[in-house]
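One letter stands for each residue in the lines below.
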Amino acid sequence: PATRLADVRPIGPPRPTLVVAGCDPALPLLEEPLSLLDPPIAFSWWPCSSREALRLAADGLVHAAGAHLRDRSGEYNTGAAAELLAAGGEVIGFSAWREGLVLGPAAADGVTGVADVARRGLRLVNREPGAEARRVLDRELGRAGIDGEQVHGYRTMAAGHLQVADVIAAGLADAGVACEPAALAYGLAFVPLAAERFDLVIPAEHAASREVQALIKVLASRWLIDQLASLPGYDPSSCGQHMATLPAQ
C-alpha cells in the first residue's frame, strides 16, 4: 500500500522553556509563577548534584545550575563555578537550609554525629561524587579519623536529598547526609552538620535570554518567597539576591 504523508502539528503552541539543573527539592516551585507570565514560560528541572549541574551549564545544556558548593575561602558557588564557566556568569540566591545526618527511627537514639554512625555499624546511604552532601560526609569522617570505605554502605548512592530520605524511610539504610527539609518531609530525625546556601549560577551567554529574564523576575516575587518560607527547614532570605559576578577567564 502507498505510504500516506500528513503534517503533524503540536497540540499547543511551543513555549520557551527554562531548564534548571540542581538538587534543591524546592526548584519545582518555579513552574507555576513562570507559567503565569505573559508570555508564559515552561519549566524543566534536571535533578543532579551541584558539580554535575555546573558541568551541564558549562556545556550549554541548561539555563541555570543550582549549586551549594562552599569554596576554600568559605564563599559559596564562586570557585568551582568560575573554573567551569569560562565565559563567566552571574550567581543569584535561591534558598538556604541546614545539611546534616538524616536518621531512621531505630538509629536516632544516641547518634550525635558521623562517628556514631561508624561506631555502631549503621547502614549508610551516600550521595554521588560531586554532591556537596558527600563532601560534608567525607569532611566529618576525616575529622573523626575514619576511613569511609570501612563504613557499611559508603559505596551506595542516592541521586538527591529526597532520595536519601526515601531510602532511610523505607528501612533500606539507617543514615545518610541530606538537607533538613528532606528529613522533615519524611518525619525523620536530623542532626545538623553545616549551614548551606543554594544559589542559581547563570552562564553569561544565557543571562539576556527570555527564559533567564523570566527566572529573575520570578525569583524576586513575593509569591515565591512566601512559598519557600512555608516549607519547613527553608530560609528564603537570599532568594533573588545577586550574590556574585563570575569573570570571564
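Please refer to the structure higher up on the page.
In this text, all values refer to a predicted model and were calculated from it rather than measured experimentally.

Novice: Explanation requested: helix 5 (residues 132-143) in the structure shown.
Specialist: Given 3.6 residues to a turn, an α-helix orients residues that are three or four positions apart in the same direction. Spanning 12 residues, helix 5 covers 17 Å between terminal C-alpha atoms, matching the ideal 16 Å at 1.5 Å per step. Buried within helix 5 are the following residues: Glu 132, Ala 133, Arg 134, Val 136, Leu 137, Glu 140 and Leu 141. Turning to helix 5, the residues buried within the fold contact strand 4 (89-103), helix 4 (114-119), strand 5 (124-127), strand 6 (157-158), strand 7 (175-179) and strand 8 (189-203). At the exit of helix 5 stands Gly 145, carrying a positive phi of roughly 70 degrees.

Novice: Any chance you could explain the pattern of salt bridges here in plain terms?
Specialist: Opposite charge on two side chains permits them to pair, given that their charged atoms come into close proximity. The tally for this structure, following the rule as stated, stands at 11 salt bridges. Across the salt bridge formed by Arg 55 and Glu 52, the nearest N and O atoms sit 3.2 Å from each other. Residue Arg 55 and its partner Glu 52 are located together in helix 2 (residues 50-58), separated by 3 residues, close to a single helical turn. Judged by its relative accessible area of 37%, Arg 55 falls in the partly exposed class. Look at Glu 52 and you get partly exposed, because its relative accessible area is 30%. For Arg 135, the salt bridge is made with Glu 132, and the minimal N-O distance between the two is 2.7 Å. Note that Arg 135 and Glu 132 are positioned in helix 5 at a spacing of 3 residues, about one turn of the helix.

Novice: Help me understand the packing of aromatic side chains, please; the structure alone is not making it clear to me.
Specialist: Within the structure shown, the criterion is met by 2 aromatic pairs. Arranged with centres 6.1 Å apart and planes meeting at 70 degrees, the rings of Phe 94 and Phe 198 form a pair that is edge-to-face. Here Phe 94 is found in strand 4, whereas its partner Phe 198 is found in strand 8, with 104 residues between them in sequence. Phe 198 shares its class with Phe 94; the two are buried. Taking the centre distance of 6.3 Å and the plane angle of 35 degrees together, the rings of Trp 97 and Phe 198 count as tilted.

Rules used throughout
- Residues numbered from 1 in each chain as written.
- Predicted model: local features only at pLDDT ≥ 70, side-chain atom pairs only at ≥ 80, totals over all residues.
- Heavy atoms only, no water.
- Helix = DSSP H or I, 4+ residues; strand = E, 2+ residues; numbered from the N terminus.
- Expected span 1.5 Å × (residues − 1).
- Buried < 20%, exposed > 50% of the residue type's maximum accessible area, 1.4 Å probe, protein only.
- Contact = heavy atoms within 4.5 Å.
- Salt bridge = Lys/Arg side-chain N within 4 Å of Asp/Glu carboxyl O.
- Phe/Tyr/Trp six-rings, centres within 6.5 Å; stacked < 30°, edge-to-face > 60°.

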